[in-house]
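Residues per chain are reported as follows:
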Amino acid sequence: MKTRRKTRKTKTGSMRVRTGGVIAALAASAAVFIAMLQMEKNILTRYERGTVFAAAVEIPRGQLITEDNINYYFKELQLDKSCIPPTALTDAGQAAGLAACFDIEEVTILTTGMFTQMNMILAKMDRPVVAGFKADDIYQVAGGVLRTGDRINIYSVGGDGEGPVWRDIFVHQVFDASGTVIPNADTVTAAARVNVFLDEGDVEEFYALLDEGSLRVVKLLK
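All values reported here derive from a predicted model rather than from experimental measurement. (Residues numbered from 1 in each chain as written. Predicted model: local features only at pLDDT ≥ 70, side-chain atom pairs only at ≥ 80, totals over all residues. Heavy atoms only, no water.)

Engineer: Could you clarify how one ought to interpret the layout of surface pockets in this entry?
Structural biologist: Taking a probe equal in size to a water molecule and rolling it over the atoms shows the remaining empty space. Taken as a whole, the largest pocket encloses approximately 330 Å³ of empty space. Sorting the residues of the lining of the largest pocket by element identifies helix H2 (70-73) and strand E8 (166-175) as the ones contributing at least two each. Of the residues in the lining of the largest pocket, the class split is nine nonpolar, seven polar and two charged. One number sums up the size of the second largest pocket: a volume of about 220 Å³. For the second largest pocket, the full set of lining residues is Glu-58, Pro-60, Arg-61, Asp-103, Val-145, Arg-147, Asp-150, Asn-184, Ala-185, Asp-186, Thr-187 and Lys-219. The residue makeup of the lining of the second largest pocket, split by class, is three nonpolar, two polar and seven charged. (1 Å grid on protein atoms, 1.4 Å probe; cavity = no way out; pocket = protein on both sides within 12 Å on 5 of 7 lines; lining within 4 Å. Points joined across faces, edges and corners; volume = space filled by probe spheres on them. Helix = DSSP H or I, 4+ residues; strand = E, 2+ residues; numbered from the N terminus. Nonpolar A, V, L, I, M, F, W, Y, C, P; charged D, E, K, R; others polar.)

Engineer: Where do I start with the nonpolar core in this structure?
Structural biologist: What tends to happen in soluble globular proteins is that the nonpolar side chains get buried as a cluster. Membership of the largest hydrophobic core comes to 20 residues, with the highest contact counts inside it found for Ile-152, Ile-154, Trp-166, Val-196, Phe-206 and Leu-215. Every element with two or more residues in this core is listed here: strand E6 (128-134), strand E7 (151-156), E8, strand E9 (193-199), helix H4 (203-212) and strand E10 (215-219). Among the elements that make up this core, the one with the highest residue count is E8 (four residues). Core analysis: the next-biggest nonpolar cluster, separate from the first, contains 15 residues, Ala-55, Ile-59, Tyr-73 and Ala-95 among them. (Core = buried A, V, L, I, M, F, W, Y, C linked by side-chain atoms within 4.5 Å. Buried < 20%, exposed > 50% of the residue type's maximum accessible area, 1.4 Å probe, protein only.)

Engineer: Can you walk me through the pairing of E9 in this structure?
Structural biologist: Regular strands have side chains that alternate between both faces of the sheet. Burial runs high along E9: six of the seven residues are buried. Here E6 pairs with E9 via seven bridges, running antiparallel. Residue pairing for E9: Val-130 is matched across the bridge by Phe-197. (Pairing = 2+ DSSP bridges.)

Engineer: What should I look at first to understand unusual backbone geometry in this one?
Structural biologist: A negative phi angle characterises most non-glycine residues, just as the trans form characterises most peptide bonds. The phi dihedral of Val-107 is positive, around 70°, even though this residue is not glycine. Of note, Val-107 is situated in the loop between strand E4 (98-100) and strand E5 (115-117). Of note in this structure, Asp-168 is not a glycine but carries a positive phi near 50°. When you line up the elements, Asp-168 lands in strand E8.

Engineer: What is the right way to read the environment of Gln-78 from this model?
Structural biologist: Its place among the elements puts Gln-78 in strand E3 (residues 74-80). We classify Gln-78 as partly exposed; its relative accessible area is 39%. It is 5.5 Å that separates the C-alpha atoms of Gln-78 and Gly-50, two residues lying 28 residues apart in sequence. Leave out the neighbours within four places in its chain, and Gln-78 touches Arg-49, Gly-50 and Thr-51. Among the polar contacts made by the side chain of Gln-78, one reaches the side chain of Thr-51 at a distance of 2.7 Å. (Contact = heavy atoms within 4.5 Å. Polar contact = N/O pair within 3.5 Å; in protein donor to acceptor, adjacent residues only side chain to side chain.)

Engineer: Would you take a moment to explain the environment of Asp-91 for this structure?
Structural biologist: Mapped onto the secondary structure, Asp-91 falls in the loop between E3 and E4. Exposure remark for Asp-91: the relative accessible area of 45% places this residue in the partly exposed category. Measuring from C-alpha to C-alpha, the distance between Asp-91 and Thr-51 comes to 8.1 Å, with 40 residues separating the pair along the chain.

Engineer: Explanation requested: H4 in the structure shown.
Structural biologist: Residues spaced three or four apart along an α-helix face the same direction, because each turn holds 3.6 residues. Among all positions in H4, only Phe-206, Leu-209 and Leu-210 are buried. Looking straight down H4, one finds its buried side chains confined to an arc of 105°; they lie on one side. Relative to its buried face, H4 has exposed residues pointing more than 90 degrees away, namely Glu-204, Asp-211 and Glu-212. Just downstream of H4 lies Gly-213, where phi reads positive at about 75°. (Arc of directions from axis to C-beta.)

Engineer: Can you help me understand the packing of aromatic side chains in this one?
Structural biologist: Aromatic ring pairs: the centre-centre distance and the angle between the two ring planes describe each pair. One pass over the full model with this rule turns up seven aromatic pairs. Plain terms: the ring middles of Trp-166 and Phe-206 are 5.7 Å apart, the flat faces sit at 70° to each other, and that makes the pair edge-to-face. Here Trp-166, found in strand E8, pairs with Phe-206, found in helix H4; they are 40 residues apart in sequence, far enough to count as distant. Ring geometry for Phe-170 versus Phe-197: centroids 6.0 Å apart, planes at 35°, classification tilted. Here Phe-170 is found in strand E8, whereas its partner Phe-197 is found in strand E9, with 27 residues between them in sequence. The burial state of Phe-170 is the same as that of Phe-197; both residues are buried. Linked through ring pairs, Phe-133, Trp-166, Phe-206 and Tyr-207 together constitute an aromatic cluster. Above the ring of Phe-175, the side-chain terminus of Arg-193 is found at 4.2 Å from the ring centroid. (Phe/Tyr/Trp six-rings, centres within 6.5 Å; stacked < 30°, edge-to-face > 60°. Lys NZ or Arg CZ within 6 Å of the ring centre and 35° of its normal.)

Put into structure tokens, the structure is as follows:
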């Protein structure tokens, strides 16, 4: 009888040890799991993501960004905030009225330094207006390859020979023969009509010289 009681006590003690071991293992596992969750939370917090804009397609130099074409040229990306440049475009509202300073390759993260504000261009004028002319009215018109954002000098054949009549004129829009705007990516279609920004005070003289057929256009390369 004593032997049986001793055996029972031994088995009961062994079961208690095993149960305690299981509980301890579960507790350890729970502690490891909680620690891993905390570690993951810390990592995710450290690598917080933010919104930036990248070029959805190549953006040609001089291309004006408007509310109508922003979804074509821009796409939204989510990046680790530590990888986002301080000057990155992070709000679509920042984009309206920007003109690309140079050709921007597709998927490039866009920053403010890649664009010129249109209002900065117009700020140089007292009362800016849009003046238009047909390509036929001005000899060659830089070979017909003018595009939005190009800068041109306008000369008069009968001038005083001291340089262009108007310098660094910004090309606002360019149209083909059917009146459709020619995108900057199109390097083939010849310009049939061109709109440029001029000071209102220069418009009368511009059209007078245009009627005389004395104006010539030179495209600036920089």
